[in-house]
Amino acid sequence: MANKSIKKDQVKSLLDKLAQSNQLIAPIQSEGITLFKPVKSGEGVVLDYQNALVPPKDFFFPQSEKMFTYDTTDPSWAITPVDGVPNRVLFGARPCDVKSILLLDKVFDAEFRDDYYLDKRNKTTIVAMSCTDARHTCFCGAFGISPGEAEGADILLTDLGDKYLAEVLTEKGEALVSSCGSLFTDDDGNGPAAKEKAVAPAKEKQMQIGLEGVKEKLDNMFDHPIWDTESLRCIGCGTCTFVCPTCHCFDIVDFNNQSSIGYRYRCADSCQFANFTRAAGGHQPRPSKKERTRQRFMHKLRYFVDRYGDFGCVGCGRCIEKCPVNLDIAQIINKVKEVG
Amino acid sequence: MNNVTENLRKTAAKLLQDQEVKMVIGYGAGSEAGRTQPVFITSPEDAEKLVWNPFCVNGLTKYLSDLKNFDGKIAVVVKGCDSRGIFRLTQDNIIPRDQVVVLGIPCAGQMSYQKLAAKMDVSGQLTDVQEKGDNLEIKTSKGNLTVKKSEILLDKCALCENHNPVIADHLMGDKIDIAPKPEDYEEIKKYEALSVEEKAKFWLSHFERCIRCYACRNTCPGCTCRECVFDAIKPDWVGKELNVSENELFHLTRAMHLAGRCVDCGECDRVCPMDIPIRLLNKKLLKDCKELFEMATPGSSEEGGSVLGQYRLEDPEEFM
Ligand code: SF4
Ligand code: SF4
Ligand code: SF4
Ligand code: SF4
Ligand code: SF4
């Protein structure tokens, strides 16, 4: 599809316009922290950010979401579904986070179709933003993701100095562009070459991690002592899970405040919590940190591949940066390659 | 290699060799420059993995609680602030004092990985770090940096009460002679002066961000309940739902459970991935307890317990 471009001084008008007819979700900064938030206009949106502290996953799979409300005194036991979301534009998502949404699709849009997820997914247009710089923890290249590509996005913007190249990737993207009239102009033909140059630093600077043979090796490492040693320092917090764009486990809970009216919600859960696998009667299939740590890395690098044909990690590096005890997935990958 | 690292390795190897302890918990090289990672050494040969440098930020005492059923004595490396956690654990009867060998390190201050990462690419390996006066010369496989220590120092270290550990069975370096800067709670007084509405606005905007990962609880030497109130399902005192009111309840409950017990190690504040200023809550309670009960910072000495957890016949009970 066509390559367009938009002048940087027009971006605020674009965001203002998008916010009029959609719920606009964009990165904003406060107290030095970048997070995706719904915004009413382009005011305060930052686009030269390195990746957001937590991924925009929350707008597809919220950490907590109401599923329905009920009233047990109602003779028909009717349940009231929650409202869906309005049409939305997710603006400025990075390539790793866009890829993570394709991975979530494999989970939520498969044999079991998850209506809560799909409502949000279908109503969201994704405008991605190439990376022109990488954080010290980035390693998306290991998973075949490029700082300058964003399969799964509807439009991909790339910072070219005084303008953004806008690659229109889907029909949804085309619809967005045509709804914005003259804000976008046709690219002068130099866009793709300029993009390659712009994203080169991000490709070079990021960690170069190779995954050759890792999955095959993990196939035979269920009982390997590496899980004993590496898990000892884990403090079993949910940090790595809750900052991860691909983690998708959840729990379902009813809330009724001791009245007949209540609601059911689901909320993200973490395999690193001891009570994640604790069953009624006290049975605990993953009794120690060893089993839980193993589960995390096996799920991302082996089971996800078995089930969906792709790795369950996009190399965003958030868990590396935020793990309080430096249990680093890139280091684990390298160790898996080294150990006998 | 610095002297402390050398002492540590020797002492650890000897303790393991003599079977005085079965495990040594200390710091090992990190995956990035500017970080170390906790290591658990069980054979004398592996003592070589121990390091000491200005990036040994983690508190290690909480691991003693995880390992309370470990078969044998454990040696643990502590800095001044962490050393108070030892007494938290012994006073709370989590571990018997005679099961622990404390390897104390006098500490002038630790450096923040986040602050360093803002100044250099930390993705390389640390190859050398030297203190030169007020500066640190940091060498990594991906480049070097000379930086003023004060620019990357952990905030808590500027107000350190115990540069020298309050307890050490073996001291790994020379005592440090830096006069502790008296904590005047200037920062806390600023927040105390706010109106109730302003306080609520400030805190709710932070609590809203909490992702309830419980890293703050899990790293805390004072959070050792067999079943934490936040994990209880029946009754579910605090719901699992992530919203600002449950988050607020979580934070205030945790703060109150630590009132008079928090050893002010700063770990909860450091580990929070969402940069929630948990230290302000703890410091406020510390300030109040100190003013009301003439309490020393908890964990400063072997005796004592928690001021709010004690029963004394001579207590005035003015409110009854
Ligand atoms: S496992 Fe870590 S690096 Fe991989 S996608 Fe999740 S947070 Fe990012
Ligand atoms: S790996 Fe790190 S972030 Fe994940 S649960 Fe363990 S300590 Fe927490
Ligand atoms: S608070 Fe004191 S003992 Fe603790 S790390 Fe800082 S300087 Fe060292
Ligand atoms: S560490 Fe931070 S984000 Fe995690 S539960 Fe504690 S306050 Fe919340
Ligand atoms: S509440 Fe925070 S500062 Fe206090 S003892 Fe626990 S981890 Fe340390």
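Q: Give a detailed account of the environment of Gly238 of chain A, specifying residues and quantitative values.
A: By the secondary structure assignment, Gly238 of chain A is in the loop between α7 (226–231) and α8 (239–242). Separated by 186 residues in the primary sequence, Gly238 of chain A and Ala52 of chain A have C-alpha atoms spaced 18 Å apart. Residue contacts for Gly238 of chain A: discarding those within four places in its chain leaves Ser270 and Phe273 of chain A together with Cys213 of chain B.

Q: With reference to specific residues and values, describe a nonpolar patch on the surface.
A: Judged by side-chain polarity, Leu292, Phe293 and Leu308 of chain B come together as a nonpolar surface patch covering roughly 330 Å² of accessible area. Structurally, the position occupied by Leu308 of chain B is in the segment after α11 (278–293).

Q: Run through the sheet that holds strand β8 (residues 155–159) of chain A, naming residues and quoting values.
A: Residues and elements named next belong to chain A. Strand order across the open sheet formed by eight strands is β3-β2-β6-β7-β8-β9-β1-β10, with mixed pairing between neighbours. At either end of the open sheet lies a strand with only one pairing partner, and these are β3 (33–39) and β10 (185–186). Where strand β1 (residues 3–7) lies against strand β9 (residues 163–168), five bridges are found, and the strand directions are antiparallel. Bridged to Ile6 within β9 is Tyr164. Sitting on the sheet, helix α1 (residues 11–21) touches β1, β2 (23–30), β3, β6 (88–93) and β9, and the angle it makes with β6 is about 150 degrees. Helix α5 (residues 191–205) rests against β1, β8 and β9 of the sheet, and its axis sits at about 65 degrees to β8.

Q: Describe the domain arrangement of chain A, naming the residues involved and giving the relevant values.
A: Residue and element names in this part refer to chain A. Assigned domains of chain A: these are domain 1 (4–53 + 84–205) and domain 2 (214–338). Taking only C-alpha atoms, the centre of domain 1 and the centre of domain 2 are 28 Å apart. Domain 1 puts 23 residues into the contact, and the matching count from domain 2 is 23 residues. For domain 1, the biggest contributors to the area lost against domain 2 are Leu103, Phe139 and Phe143; these three give 29% of the whole. Where domain 1 meets domain 2, there are four salt bridges. The salt bridge involving Lys99 is made with Asp310; its shortest N-O contact spans 3.0 Å. The tally of links from domain 1 across to domain 2 stands at 10 residue pairs in polar contact (both at pLDDT 80 or more). Broken down by secondary-structure element, the contributors of at least two residues to the side of domain 1 that touches domain 2 are α2 (95–108) and α3 (115–122). For the side of domain 1 that touches domain 2, the element with the most residues is α2, which contributes nine residues. Split into classes, the residues belonging to the side of domain 1 that touches domain 2 amount to 14 nonpolar, four polar and five charged.

Q: Go over the packing of aromatic side chains with me, naming the residues and quoting the values.
A: Residues and elements named next belong to chain B. Evaluated as defined, the whole model comprises 21 aromatic pairs over all chains. Consider the rings of Trp203 and Phe207, whose centres lie 5.3 Å apart with planes at 25 degrees: the pair is stacked. Of this pair, Trp203 and Phe207 both sit in helix α7 (residues 196–207), four residues apart, which is roughly one turn of the helix. Classification of Trp203 as buried rests on a relative accessible area of 15%.

Q: Outline the interface of chain A and chain B, supporting the account with residue identities and numerical values.
A: At the interface, 40 residues of chain A touch 39 residues of chain B. Summed over both sides, the interface between chain A and chain B buries roughly 3,300 Å², with carbon and sulfur atoms accounting for 51% of that surface. Summed over the shared surface of chain A and chain B, the number is five salt bridges. With its nearest N and O atoms 2.7 Å apart, the salt bridge here joins Lys240 of chain B to Asp251 of chain A. Across the chain A-chain B interface, the total number found is 23 residue pairs in polar contact (both at pLDDT 80 or more). Of all elements in the fold, only β3, α8, β11 (250–255), β12 (261–268) and α10 (318–322) of chain A reach the threshold of two or more residues within the side of chain A that touches chain B. Across the side of chain A that touches chain B, the residue classes break down as 19 nonpolar, 10 polar and 11 charged.

Q: Can you explain the site of ligand 2? Please cite residues and give values.
A: Taken together, Cys234, Ile235, Gly236, Cys237, Thr239, Cys240, Gln272, Arg296, Cys323, Pro324, Val325 and Leu327 of chain A make up the full set of residues near ligand 2. Of the residues belonging to the shell around ligand 2, the class tally is eight nonpolar, three polar and one charged.

Q: Give a description of the site of ligand 3 that names residues and reports values.
A: By nearness alone, every residue bordering ligand 3 is listed as Lys79, Gly80, Cys81, Cys107, Ala108, Gly109, Gln110, Cys157, Cys160, Asn162 and His163 of chain B. Residue classes in the shell around ligand 3 are distributed as five nonpolar, five polar and one charged.

Q: Account for helix α9 (residues 244–258) of chain B, naming residues and giving values.
A: Residue and element names in this part refer to chain B. With 15 residues, α9 ought to run about 21 Å at 1.5 Å a step, and its terminal C-alpha atoms sit 21 Å apart, in line with that. In this structure, the buried side of α9 is in contact with α7, α8 (215–218), α10 (267–271) and α11. Just downstream of α9, Gly260 is the residue with a positive phi angle, here 75 degrees.

Q: For α3 of chain A, give the residues involved together with the corresponding values.
A: Residues and elements named next belong to chain A. All buried positions along α3 are accounted for by Tyr117, Leu118, Lys120 and Arg121. Along the axis of α3, the buried positions cluster into a sector of 165 degrees, meaning they face one direction only. Of the residues in α3, the exposed ones pointing more than 90 degrees away from the buried face are Asp115 and Asn122. If you follow the buried residues of α3, they end up packed against β4 (64–71), β6, α2, β7 (124–129), α4 (171–179) and β12. The distance from a side-chain oxygen at the start of α3 to the backbone nitrogen of Tyr116 is 3.2 Å, and the residue carrying that oxygen is Asp114.

About the criteria used
Residues numbered from 1 in each chain as written. Chains lettered and ligands numbered in written order. Predicted model: local features only at pLDDT ≥ 70, side-chain atom pairs only at ≥ 80, totals over all residues. Heavy atoms only, no water. Helix = DSSP H or I, 4+ residues; strand = E, 2+ residues; numbered from the N terminus. Contact = heavy atoms within 4.5 Å. Patch = residues over 30% accessible without salt bridge, like charges linked within 9 Å, V, L, I, M, F, W, Y side chains within 5 Å. Areas by Shrake-Rupley, 256 points an atom, 1.4 Å probe, with all protein chains shown as cover. Salt bridge = Lys/Arg side-chain N within 4 Å of Asp/Glu carboxyl O. Pairing = 2+ DSSP bridges. Axes fitted to C-alpha atoms, helices over the stretch in contact; angles between N-to-C directions. Domains from an automatic or database assignment. Buried area = accessible area lost by both parts, 1.4 Å probe. Polar contact = N/O pair within 3.5 Å; in protein donor to acceptor, adjacent residues only side chain to side chain. Nonpolar A, V, L, I, M, F, W, Y, C, P; charged D, E, K, R; others polar. Phe/Tyr/Trp six-rings, centres within 6.5 Å; stacked < 30°, edge-to-face > 60°. Buried < 20%, exposed > 50% of the residue type's maximum accessible area, 1.4 Å probe, protein only. Near = heavy atom within 4 Å. Expected span 1.5 Å × (residues − 1). Arc of directions from axis to C-beta.

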